[in-house]
Amino acid sequence: MTAQKEKDILEVLKKIIRIGTVHAYDASTRMARVKFDNLGGIISPPIKVLTRPRAVVPGEKEKAGNKTDKADGHFHAAYVTDWNPKINDQVLCLYYPDGDGYVLGEV
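A. Main features of the overall build of the protein chain. For the protein chain, the count of helices and strands is one helix and nine strands. The N-to-C order of helical and strand elements in the protein chain reads α-β-β-β-β-β-β-β-β-β. Within the protein chain, contacts between residues at least 6 apart in sequence are counted, and of these 40% link residues at least 24 apart. Total accessible area computed for the protein chain in this model is approximately 7600 Å², and 56% of it derives from carbon and sulfur atoms.

B. Looking closely at the nonpolar core. Membership of the largest hydrophobic core is limited to twelve residues, which are V22, Y25, A32, V34, F36, I47, V49, W83, V91, C93, Y95 and V103. Where this core is concerned, the elements lending two or more residues are β1 (17-26), β2 (31-36), β4 (47-49) and β8 (90-95). What C93 contacts, discounting residues up to four positions off in sequence, is I16, I17, R18, V34, F36, I47, Y102 and V103.

C. Layout of the pattern of salt bridges. For the structure shown, the criterion picks out two salt bridges. One salt bridge connects E11 with K14, and the closest N-O pair in it is separated by 3.6 Å. On the criterion of helical spacing, the pair formed by E11 and K14 is a turn pair, its members being three residues apart in helix α1 (residues 3-16). The partly exposed category is assigned to E11, whose relative accessible area is 37%. The shortest N-O distance in the salt bridge between K35 and D37 comes to 3.8 Å.

D. Local environment of the environment of V107. Looking at the element boundaries, V107 is found in the segment after β9 (101-106). V107 sits in the exposed class, given a relative accessible area of 56%. Separated by 87 residues in the primary sequence, V107 and G20 have C-alpha atoms spaced 9.3 Å apart. Aside from chain neighbours lying at most four places away, what touches V107 is I19, Q90, V91 and L92.

E. Examining the packing of aromatic side chains more closely. Applying the stated criterion across every chain, the model contains two aromatic pairs. Note on F36 and Y95: the rings are 6.1 Å apart at their centroids and 70° apart in plane angle, and the pair reads as edge-to-face. Separated by 59 residues along the polypeptide, F36 in strand β2 and Y95 in strand β8 bring together distant segments of the chain. Considering the side-chain rings of Y96 and Y102, the 5.9 Å spacing of their centres and the 85° angle between planes classify their relative orientation as edge-to-face. One Lys or Arg, R18, reaches over the ring of Y95 and ends 4.1 Å from the middle of that ring.

F. Region of interest: a nonpolar patch on the surface. A grouping of M1, I9, L10, L13, I17 and L94 is seen on the molecular surface, where their side chains present a nonpolar patch of about 550 Å² in accessible area. A total of three residues in the nonpolar patch trace back to one element, the largest contributor, which is α1. Along the chain, I17 turns up in strand β1.

G. Seen up close, the side chain of R18. Position of R18 relative to the elements: it lies in strand β1. Here the side chain of R18 touches K15 through a polar contact of 3.1 Å, landing on its backbone oxygen. The residues touching R18, leaving out its near neighbours within four places in the chain, are F36, L39, V91, L92, C93 and Y95.

Reading the values: rules and limits
Residues numbered from 1 in each chain as written. Predicted model: local features only at pLDDT ≥ 70, side-chain atom pairs only at ≥ 80, totals over all residues. Heavy atoms only, no water. Helix = DSSP H or I, 4+ residues; strand = E, 2+ residues; numbered from the N terminus. Contact = heavy atoms within 4.5 Å. Areas by Shrake-Rupley, 256 points an atom, 1.4 Å probe, with all protein chains shown as cover. Core = buried A, V, L, I, M, F, W, Y, C linked by side-chain atoms within 4.5 Å. Buried < 20%, exposed > 50% of the residue type's maximum accessible area, 1.4 Å probe, protein only. Salt bridge = Lys/Arg side-chain N within 4 Å of Asp/Glu carboxyl O. Phe/Tyr/Trp six-rings, centres within 6.5 Å; stacked < 30°, edge-to-face > 60°. Lys NZ or Arg CZ within 6 Å of the ring centre and 35° of its normal. Patch = residues over 30% accessible without salt bridge, like charges linked within 9 Å, V, L, I, M, F, W, Y side chains within 5 Å. Polar contact = N/O pair within 3.5 Å; in protein donor to acceptor, adjacent residues only side chain to side chain.

What follows is the structure, encoded as structure tokens:
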């Protein structure tokens, strides 16, 4: 592969895969606006935040979901929660060439 071909591929990947900072998040629609400092500080239109498998967190401090008393045959106090981005979280985004984008998760 030539150096120019590698450079062209890298430029395409930079347009598709982006790292930015959450500027706004609407939990009811699971849509976020993301600021991309490396693109002059532009802020995206609302893009979808992917739903991930629920996570079990250890205690009241991290609670954001429903409490469970039994899991995998043993008892303990834990909270099952969804991941939701917070303002200023650094996130990994994936964009289709047509402009639709998704927040994949926190970096």
